[in-house]
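Each chain is listed here by its residues.
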Amino acid sequence: MSTPTTTLPTHDELATPVGTTLERYIMRKQAEFPFATGELSQLLRDIALASKIMVREVSRAGLSSLAETVGPEGETTAPRHRLGEEAHIRFVRALTNGGECCAVLSEARPDIIETGNQDGKYVVALNPLNGSVSLDFNVSTGTIFSIYRRVSRYGGPARAEDFTQGGRAQVAAGYILYGSSVMLVYTTGHGVTGFTYEPSLGEFFLSHPKLTIPAQGTVFSCNEGNWFDFPEFARSFLTTCKERRYTARYVGSLAADYHRNLFTGGIYLYPPTGEWPSGKLRLLYECYPIAFVTEQAGGVAVTGATDVLDVPPSQDLHQRVPLFVGSAELVRELQAAAAAAAA
Ligand code: F6P
């Protein structure tokens, strides 16, 4: 009788490191900045912690009616879902417990939320769960966040001015994509880094040390149902895309559509429409952070003729703007068409 042979793992296989955790990466980066106090690092960890809880909740969205709509009216664009509400609570709680964040602006609430950490140096604007209307149908969703150092006096309450410093004042921004895998992508202004969640270990691992978006692409992403409301320059740009036989891809969740185009090259468009004459997406917690990531990845984000990061924020903390974002050459082509139309 022959003895069954077993293949044992080699020493080298077992010695292969699992990789760099988000935690370790943040600590390493912090050490590179001599005057860093560690507070921003802690803030990023808080965001990662809340996102891990959301990974668990989103992955069981079909169970326990978790994805039910809780009301027709958020403060925002779409019916709110239980999970959207839960995401809001989880992120605010994590940022409150961390201590570095004095206030949060969330898509789910009309007003600034004070965390009680009046000595906290930072404020965070976020869309806790974009695309949540599609959760019932297993579509990818995301959390988008933007971080500022406060300009109001430490020790006192946060003010609207902390959130309206303008896109170029962001100290960090990014998003978490809850998709076929979960990724956390962020920038602190030194390039864009991507981490992939390993569910069995409960950790984000460095998977994309330097993300860059291809300068050109052949994917266009928009809700074409709004075609007849689109401004002429957007229609003519899209017609050109079709003449070139580009590919249409649209999930309807900004983080998911953006993330795909970041890898493949392409353009995401949300022009003004009849329903949303100023554009649908929110400047402070969707367009600014996505634009910051995009510029750091070598891409371009505009509202038409203007770069998103140069759009001055209004008094309205939930201000909407049009968004065209993605590969530099494609977006600049669109921008030239918008500028010509405006002339
Ligand atoms: O946050 C607004 C948002 O849900 C985005 O995530 C998404 O890209 C867009 O609206 C979808 O809008 P529509 O359903 O009009 O295509």
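For the protein chain, the name recorded in an unreviewed UniProt entry is Fructose-1,6-bisphosphatase class 1, with Hymenobacter ginsengisoli as its organism. Check the Sequence similarities (unreviewed entry) section of the UniProt entry for the protein chain; it says "Belongs to the FBPase class 1 family." A UniProt comment under Cofactor (unreviewed entry) is attached to the protein chain, and it reads "Mg(2+)".

Okay, unusual backbone geometry next. Positive phi, close to 65°, is recorded for Arg245, a residue that is not glycine. With respect to the secondary-structure elements, Arg245 resides in the loop between helix H6 (232-243) and strand E12 (247-248).

On to the sheet that holds strand E6 (residues 141-149). The mixed open sheet is built from eight strands, whose spatial order is E4-E3-E5-E6-E7-E8-E9-E10. Looking at the sheet topology across the chains shown, the edges are occupied by strand E4 (113-114) and strand E10 (203-208). Pairing of strand E9 (residues 192-198) with E10 involves five bridges; the strand directions are antiparallel. When the sheet's bridge partners are listed, Thr196 is paired in E10 with Phe205. Set on the sheet, helix H7 (residues 254-264) makes contact with strand E5 (122-130), E6, strand E7 (172-178), strand E8 (182-187) and E10; between it and E7 the angle comes to about 100°.

Counting buried residues in helix H8 (residues 283-296) gives 12 out of 14 residues, a clear majority hidden from the surface. For H8, the complete set of buried residues consists of Leu283, Leu284, Tyr285, Glu286, Cys287, Tyr288, Pro289, Ile290, Ala291, Phe292, Val293 and Thr294. Backbone geometry just after H8 places Gly298 at a positive phi near 90°.

Take the pairing of E7 next. Across the seven residues that make up E7, a large majority, seven, are buried. Along E7, one buried face is formed by Ala172, Gly174, Ile176 and Tyr178 and the opposite face, lined by Ala173, Tyr175 and Leu177, is buried too. Two elements, E6 and E7, share seven bridges in a ladder whose sense is antiparallel. Within E7, the position partnered with Gly142 by the bridge is Leu177. Pairing between E7 and E8: six bridges, direction antiparallel. The residue bridging Ile176 from the neighbouring strand is Leu184, located in E8.

Moving on: the state of the cysteines. Going through the model one piece at a time under the given rule, you end up with zero disulfides. The thiol of Cys222 is not disulfide-bonded; the next cysteine sulfur, from Cys241, is found 8.6 Å away. The exposure class of Cys222 is buried, given its relative accessible area of 5%.

Attention now moves to the pattern of salt bridges. By the definition in use, this model includes 15 salt bridges. Glu203 is paired through a salt bridge with Lys52; the nearest N and O atoms lie 3.8 Å apart. Of this pair, Glu203 sits in strand E10 while Lys52 is found in helix H3 (residues 39-59), placing the two residues 151 residues apart along the sequence. On the basis of relative accessibility, which here comes to 26%, the residue Glu203 falls in the partly exposed class. For Lys52, a relative accessible area of 24% translates into the label partly exposed. Where Arg60 meets Glu57, a salt bridge forms, and the shortest distance between an N and an O atom there is 2.9 Å. If you follow the salt bridges from partner to partner, you end up with Arg56, Glu57 and Arg60 in one network.

Turning to H7, a few remarks are in order. Burial of H7 is extensive: eight of the 11 residues sit out of reach of the surface. Among all positions in H7, only Leu254, Ala255, Ala256, Asp257, Tyr258, His259, Asn261 and Leu262 are buried. Trailing H7 by a residue or two, Gly265 shows a phi angle of about 85°, which is positive.

What counts and how
Residues numbered from 1 in each chain as written. Predicted model: local features only at pLDDT ≥ 70, side-chain atom pairs only at ≥ 80, totals over all residues. Heavy atoms only, no water. UniProt positions renumbered as here; feature names shortened; annotations may be inferred. Helix = DSSP H or I, 4+ residues; strand = E, 2+ residues; numbered from the N terminus. Pairing = 2+ DSSP bridges. Contact = heavy atoms within 4.5 Å. Axes fitted to C-alpha atoms, helices over the stretch in contact; angles between N-to-C directions. Buried < 20%, exposed > 50% of the residue type's maximum accessible area, 1.4 Å probe, protein only. Disulfide = S-S within 2.5 Å. Salt bridge = Lys/Arg side-chain N within 4 Å of Asp/Glu carboxyl O.

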